[in-house]
Amino acid sequence: MFNGALMSLFTLVLISFAVSGCNSDDTTTSSLSPELEKGKQIVEGRCFACHAQSINGAPIVGNKKMWQKRATQGKAVLVEHAINGFGLMPAKGGFDDLSDEEISFAVGYMLSQVGQ
Ligand code: HEC
């Protein structure tokens, strides 16, 4: 009797762990659109070389204060600057293998991180 109750409690706990585990996986993979997900991978894999720590004054991803004025130029201008270079920002961050579209995804992700 006691053992049976304990077993079913144990099973219940296991099931709820399994279920909540799946749920959190779902939200992390589906919360971003495919474009933002691609952008995130490019930003974290490449652009973070400078944009994670403000190397040479690069605006830090997620820092609203640093992005406020830049964001007012609009996404198209920011993408153009990222593709062709701007001040101390090298063209495509120095990653010539990235397509213009990939840069656009990356800038889109950067803007999404400051609520733009
Ligand atoms: C070698 C360092 C470096 C890398 C790598 C880099 N950036 Fe930058 N980025 C900078 C610096 C420095 C600035 C600030 C330029 C300035 O205002 O003079 C900047 C500014 C920017 C801006 C703002 C431009 C504007 O008009 O204000 C955007 C957008 C940007 N970077 C996008 C990217 C993207 C996308 C990547 C990855 C593909 C990337 N950067 C990789 C250094 C870098």
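Preceding this section is the structure that the text describes.
Residues numbered from 1 in each chain as written. Predicted model: local features only at pLDDT ≥ 70, side-chain atom pairs only at ≥ 80, totals over all residues. Heavy atoms only, no water.

1. Let's talk about the overall build of the protein chain
Stage number 1. On a plain count of helices and strands, the protein chain comes out with 5 helices and 0 strands.
Stage number 2. Secondary structure of the protein chain in N-to-C order comes out as α-α-α-α-α.
Stage number 3. Expressed as a percentage of the 116 residues in the protein chain, the buried residues total 23%.
Stage number 4. Sequence-distant contacts in the protein chain: of pairs separated by 6 or more residues, those separated by 24 or more amount to 52%.
Stage number 5. As presented, the protein chain carries roughly 7,800 Å² of accessible surface, and 61% of it is formed by carbon and sulfur atoms. (Helix = DSSP H or I, 4+ residues; strand = E, 2+ residues; numbered from the N terminus. Buried < 20%, exposed > 50% of the residue type's maximum accessible area, 1.4 Å probe, protein only. Contact = heavy atoms within 4.5 Å. Areas by Shrake-Rupley, 256 points an atom, 1.4 Å probe, with all protein chains shown as cover.)

2. As for the coordination of the iron atom of the ligand
Stage number 1. Around the iron atom of the ligand, the protein supplies His 51 (NE2) and Met 89 (SD) as donor atoms, at distances of 2.0 Å.
Stage number 2. Relative to the metal, the 6 donor atoms surrounding the iron atom of the ligand lie at angles of 87 to 179°, and the coordination shape comes out octahedral. Residue His 51 is found in helix H2 (residues 34–51), and its partner Met 89 is found in the loop between helix H4 (75–84) and helix H5 (100–112); the two are separated by 38 residues along the sequence.
Stage number 3. In this structure Met 89 comes out as partly exposed when scored by relative accessible area, which is 25%. (Donors = N, O, S within 2.8 Å, 3.2 Å for Na, K, Ca; no water. Tetrahedral: all angles 85-135°; square planar, octahedral: opposite > 155°, others 65-115°.)

3. A look at the environment of Ile 42
Stage number 1. In this fold, Ile 42 is placed in helix H2.
Stage number 2. Those residues in contact with Ile 42 that sit more than four places away from it in its chain are Cys 47, Leu 98, Glu 102 and Ala 106.

4. Quick word on the side chain of His 81
Stage number 1. By the secondary structure assignment, His 81 is in helix H4.
Stage number 2. Under the relative-accessibility criterion, His 81 is labelled buried at 16%.
Stage number 3. Apart from residues lying up to four places away in sequence, His 81 is in contact with Gln 73, Phe 86 and Met 89.

5. Things to note about the site of the ligand
Stage number 1. Among the 26 residues in the neighbourhood of the ligand, the closest are listed as Cys 47, Cys 50, His 51, His 81 and Met 89.
Stage number 2. For the ligand, an oxygen atom lies 3.5 Å from a polar atom in the backbone of Leu 88.
Stage number 3. With 4 residues, the top contributor of residues to the shell around the ligand is H5.
Stage number 4. Classifying every residue of the shell around the ligand by side-chain character gives 18 nonpolar, 7 polar and 1 charged. (Near = heavy atom within 4 Å. Polar contact = N/O pair within 3.5 Å; in protein donor to acceptor, adjacent residues only side chain to side chain. Nonpolar A, V, L, I, M, F, W, Y, C, P; charged D, E, K, R; others polar.)

6. Some details on the packing of aromatic side chains
Stage number 1. Evaluated as defined, the whole model comprises 0 aromatic pairs.
Stage number 2. Positioned above the aromatic ring of Phe 95 is the side chain of Arg 46, whose terminal nitrogen or guanidinium carbon lies 5.0 Å from the ring centre. (Phe/Tyr/Trp six-rings, centres within 6.5 Å; stacked < 30°, edge-to-face > 60°. Lys NZ or Arg CZ within 6 Å of the ring centre and 35° of its normal.)

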